[in-house]
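Listed here are the chains, written in short residue letters.
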Amino acid sequence: MKKILFAIFSSITISSYAETIYLNEHYTVALDNATLESNTNTINIKTLSPIVYKDYYLPIGTAITMSCDKNNHAIVSKIDTYNTKIPVSIGNGSKIEFPCDNKTMPDMIWVSDDDYKIKSDNVKQVSKATFSIIPFTAKNMTNDGQITGISTDGNLTIISVNKTKYFNGAQFFADIKGKMYFLQSTNRNDKFIVHGADFDKLLITDSSGQLISSVEFPNFD
């Protein structure tokens, strides 16, 4: 995850695309709208969180195809229009793993090890100019840690705080479409970049799971 650093805090980037990004080791991707193709025994599903690499990302809604191999391991065979062979773990939104042949459709995938290349003409570059401030209400568990602002570009959400030290080891759990998902995040200075958007509610915990803050978005479309 140290590889995923953003340039959006130092300069305004120009929107473009890159053909190649990487799905990093231990990186999680939230999923939605899964269907089982019985003829091929594959699962067709769409991403509910972007796949982010450095300051590039594959947007929410990217199509993914995966199946179980002969050893009952989940394999992603296609991302967008690019054929892949990426071994992943599957599970629920809290990153609790279950077997590949489980009858329940997965809410999340994550890479167990190594980095895997993805090619797509739909890869986009993060642009600071596309972020808009959104309204929110926050309930903080301490008087020290305060959320000072939130903005989003529809794929990523920037959480600005008064002091990063009060959010040490922060983890982000988002309520999206009535389900709770663990979402990747990175931080730089007093800003956290959450890899997701369109939240109904956001829970922020420390590394031990202790709640730091809960955030609601009453007017967030």
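Since the model is a prediction, treat every value here as computed from it, not as a measurement.

S.K.: So what exactly am I meant to see when it comes to the environment of Pro87 here?
M.R.: Along the chain, Pro87 turns up in strand S8 (residues 82-91). Owing to a relative accessible area of 33%, Pro87 belongs among the partly exposed residues under this scheme. The spacing of Pro87 and Leu58 is 29 residues in sequence and 19 Å in space, taken between C-alpha atoms. The residues contacting Pro87, other than those within four sequence positions of it, are Ala74, Ile75, Val111 and Tyr116.

S.K.: What is the right way to read the state of the cysteines from this model?
M.R.: Joining two cysteines, a disulfide is a covalent bond between their sulfur atoms. The full count for this structure, using the stated rule, is one disulfide. Disulfide pairing is shown between Cys68 and Cys100; the S-S distance is 2.0 Å. Linking Cys68 and Cys100, the disulfide has an S-S dihedral of approximately -100° and is accordingly described as left-handed. On the criterion of sequence distance, the pair formed by Cys68 in strand S6 (residues 63-68) and Cys100 in the loop between S8 and strand S9 (108-111) is long-range, its members being 32 residues apart. We classify Cys100 as buried; its relative accessible area is 10%.

S.K.: Could you clarify how one ought to interpret the pattern of salt bridges in this entry?
M.R.: One side chain can pair with another of opposite charge once the charged atoms of both are near each other. Counted under the stated rule, the structure contains two salt bridges. Asp107 is the salt-bridge partner of Lys179, the closest N and O atoms lying 3.0 Å from each other. A residue pair is termed long-range when its members are at least 10 positions apart, and Lys179 in strand S17 (residues 179-183) and Asp107 in the loop between S8 and S9 qualify at 72 residues. We classify Lys179 as partly exposed; its relative accessible area is 41%.

S.K.: Which parts of the structure should I look at to understand the environment of Met66?
M.R.: With respect to the helices and strands, the residue Met66 is situated in strand S6. Judged by its relative accessible area of 2%, Met66 is buried. Separated by 21 residues in sequence, Met66 and Ile45 have C-alpha atoms that sit 8.3 Å apart. For Met66, the residues in contact, after removing those within four places along its chain, are Leu31, Thr42, Ile43, Ile75, Val76, Ser77, Ile90, Pro106 and Ile109.

S.K.: When you look at the sheet that holds strand S20 (residues 201-205) in this model, what are you seeing that I'm missing?
M.R.: Taken in spatial order, the five strands line up as S13-S21-S20-S16-S17 in an open sheet, and their pairing is antiparallel. A single partner strand is all that each edge strand has here, and the edge strands are strand S13 (137-140) and S17. Sheet twist, expressed as the average angle between the axes of neighbouring strands with direction ignored, equals 20°. As paired elements, S13 and strand S21 (residues 211-216) share four bridges and run antiparallel to each other. Counterpart to Asn140 in the pairing with S21 is Ser213.

S.K.: Would you take a moment to explain the side chain of Asp175 for this structure?
M.R.: On the secondary structure map, Asp175 appears in strand S16 (residues 171-176). Excluding its chain neighbours within four sequence positions, the residues that come into contact with Asp175 are Met180, Phe199, Asp200 and Lys201.

S.K.: Quick question: what am I supposed to make of the pairing of S8 here?
M.R.: Within a regular strand, side chains alternate between the sheet's two faces. Judged from the five bridges that link them, strand S7 (residues 74-79) and S8 form a sheet pairing that is antiparallel. Pairing of Val76 across the sheet is with Ile86, part of S8. Connecting the antiparallel pair S7 and S8 is a turn made up of two residues, with Asp80 showing a positive phi of about 60°. Taken together, the four bridges between S8 and S9 define a ladder with antiparallel strand orientation. Bridge pairing links Val88 to Val111 in S9.

S.K.: What's the story with the sheet that holds strand S3 (residues 42-47) in this structure? I'm lost.
M.R.: Hydrogen bonds along the backbone pair up the strands of a sheet, which may run parallel or antiparallel. Taken together, six strands build a closed barrel; the order of strands is S2-S3-S6-S7-S8-S9 and the barrel is antiparallel. For this sheet, the mean inter-axis angle between neighbouring strands, taken without regard to orientation, is 45°. Taken together, the three bridges between strand S2 (residues 28-37) and S9 define a ladder with antiparallel strand orientation. Counted as the bridge partner of Ala30 is Met108 from S9.

Basis of the calculations
Residues numbered from 1 in each chain as written. Predicted model: local features only at pLDDT ≥ 70, side-chain atom pairs only at ≥ 80, totals over all residues. Heavy atoms only, no water. Helix = DSSP H or I, 4+ residues; strand = E, 2+ residues; numbered from the N terminus. Buried < 20%, exposed > 50% of the residue type's maximum accessible area, 1.4 Å probe, protein only. Contact = heavy atoms within 4.5 Å. Disulfide = S-S within 2.5 Å. Salt bridge = Lys/Arg side-chain N within 4 Å of Asp/Glu carboxyl O. Pairing = 2+ DSSP bridges. Axes fitted to C-alpha atoms, helices over the stretch in contact; angles between N-to-C directions.

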